[in-house]
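Analysis of the macromolecular model
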Amino acid sequence: MKIDGLDPLKNLTKTGSAKPSEPVSGQSFMDVLSGLTSKETGQTSAPSSMGAPIPLSGVPFIAPVSSDLSAIDASSLMNSLDSVLSDLSMFKNALGNNQIPLERLKPLMDELLARKDELVGFIGKIDDKELKSIVSDALNLVMDQANQYQASYAA
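Residues numbered from 1 in each chain as written. Predicted model: local features only at pLDDT ≥ 70, side-chain atom pairs only at ≥ 80, totals over all residues. Heavy atoms only, no water.

**So, the overall build of the chain**
Here is the rule we go by: Numbering of helices and strands starts at the N terminus; helices are DSSP runs of H or I of at least 4 residues and strands are runs of E of at least 2. Remark: exposure states derive from per-residue accessible area (1.4 Å probe, protein chains only) relative to the maximum for the residue type, with buried under 20%, exposed over 50%, and partly exposed in between.
A count of helices and strands for the chain gives four helices and zero strands. Along the chain, helices and strands appear, N-terminal first, in the series α-α-α-α. When burial is assessed residue by residue, the chain has 19% of its 155 residues classed as buried.

Structure follows, in structure tokens:
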């Protein structure tokens, strides 16, 4: 394929690297790097030449996990919630598959109900309304799937 006006062999040295059209001016990399890092503290600082921060008006705000939850509790809550939602997805797909006997789904249902009990323990510790709503919705989904499983099993 040929592009008019573009010659890849033009302005190449013998080693194959491109020749700069103008000499490079400004600070060297080492000057910039040493200006960003403080030798006494080892911490970095933002360069003064940076522009204004990008406005984040299009990005939705996600509130941090409530301060009443310790870091360990918040991590456990997120792990439990993620596990429940993953297991729910697998269970829903398996329940909709007529080739899988319902007896084989019992261990997965038992696991879902155990994870539901873990999430119930977090409900009282959550002050954030949105997070509490997400956890409540996940609990409702587990109960709906448990009821659907029981109804299918009884039929």
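**Observations concerning a nonpolar patch on the surface**
To keep it simple, the criterion reads: Patch criteria: residues need more than 30% relative accessible area and no salt bridge. Like-charged residues are merged within 9 Å; nonpolar side chains of Val, Leu, Ile, Met, Phe, Trp and Tyr are merged within 5 Å. Residue burial considers only the protein chains on display, and all accessible areas are found by Shrake-Rupley using a 1.4 Å probe. We define a salt bridge as a contact between a side-chain nitrogen of Lys or Arg and a carboxyl oxygen of Asp or Glu at a distance within 4 Å.
A grouping of Phe29, Met30 and Leu33 is seen on the molecular surface, where their side chains present a nonpolar patch of about 350 Å² in accessible area. Relative to the assigned elements, Leu33 resides in helix H1 (residues 29-36). The exposure class of Leu33 is partly exposed, given its relative accessible area of 35%.

**Observations concerning the packing of aromatic side chains**
The condition is simple: Two aromatic rings, drawn from Phe, Tyr or Trp (for Trp, its six-membered ring), form a pair once their centres lie within 6.5 Å of each other, and the interplanar angle then sorts them: stacked below 30 degrees, edge-to-face above 60, tilted otherwise.
Here the structure, examined in full by the defined rule, presents one aromatic pair. For the ring pair Phe91 and Tyr149, a centre distance of 5.8 Å and an interplane angle of 65° mean the geometry is edge-to-face. Separated by 58 residues along the polypeptide, Phe91 in helix H2 (residues 71-96) and Tyr149 in helix H4 (residues 129-154) bring together distant segments of the chain. Take Phe91 and Tyr149: they sit in the same class, and that class is buried.

**Overview of the side chain of Asp87**
This is how the line gets drawn: Contacts are assigned to residue pairs with any non-hydrogen atoms lying within 4.5 Å of each other.
Structurally, Asp87 is set in helix H2. Not counting chain neighbours up to four residues away, the residues in contact with Asp87 comprise Leu108, Glu111, Leu112 and Arg115.

**Some words on the environment of Ile134**
On the secondary structure map, Ile134 appears in helix H4. Remark: the alpha-carbon pair of Ile134 and Leu81, spanning 53 residues in sequence, is separated by 8.9 Å.

**Concerning helix H3 (residues 106-123)**
Just so we agree on the cut-off: For a helix, the expected span equals 1.5 Å multiplied by the residue count minus one. The reported arc concerns the directions from the helix axis to the C-beta atoms and nothing else.
In a regular helix each residue adds 1.5 Å, so 18 residues correspond to 26 Å; H3 covers 26 Å between its end C-alpha atoms and thus fits that length. Taken residue by residue, H3 has Met109, Leu112, Lys116, Leu119 and Phe122 as its buried positions. Looking straight down H3, one finds its buried side chains confined to an arc of 115°; they lie on one side.

**Overview of the side chain of Asp128**
Put simply, the rule is: Two N or O atoms form a polar contact when they lie within 3.5 Å of each other; inside protein one atom must be a possible hydrogen donor and the other a possible acceptor, and for residues adjacent in sequence the pair counts only when both atoms belong to side chains.
As for its placement among the helices and strands, Asp128 is situated in the loop between H3 and H4. Within the structure, the side chain of Asp128 is placed 2.9 Å from the backbone nitrogen of Glu130, a separation counted as a polar contact. Of the polar contacts made by the side chain of Asp128, one reaches the backbone nitrogen of Leu131; its length is 2.9 Å.

**Section: the confidence of the model for the chain**
Quick note on the threshold: For every residue, the predictor states its confidence as a pLDDT score lying anywhere from 0 to 100.
Counting all residues, the mean pLDDT for the chain is 74, and 59% of those residues have values of 70 or more. Taken element by element, the chain is modelled with least confidence in H1, mean pLDDT 73, and with most confidence in H3, mean pLDDT 88.

**Let's talk about the nonpolar core**
Just so we agree on the cut-off: Buried Ala, Val, Leu, Ile, Met, Phe, Trp, Tyr and Cys residues form a nonpolar core when they are joined through side-chain atoms within 4.5 Å.
By size, the foremost hydrophobic cluster in this structure holds 21 residues, and its most contacted members are Leu77, Phe91, Leu105, Leu119, Val135 and Tyr149. Mapped onto this core, the elements with two or more residues apiece are H2, H3 and H4.

**Concerning the environment of Gln150**
Its location among the elements puts Gln150 in helix H4. Of the residues examined, Gln150 reaches a relative accessible area of 47% and is grouped as partly exposed. Through-space distance from the C-alpha of Gln150 to that of Met109 is 9.9 Å; in sequence the pair is 41 residues apart.

**Here's the deal with the pattern of salt bridges**
By the definition in use, this model includes five salt bridges. Its salt-bridge partner being Lys106, residue Asp110 comes within 3.3 Å of it at the nearest N-O pair. Highlighted residues: Asp110 and Lys106, both in helix H3, separated by four residues, approximately one helical turn. Its salt-bridge partner being Arg115, residue Glu111 comes within 3.1 Å of it at the nearest N-O pair. Within this pair, Glu111 and its partner Arg115 are both found in helix H3, separated by four residues, close to a single helical turn.

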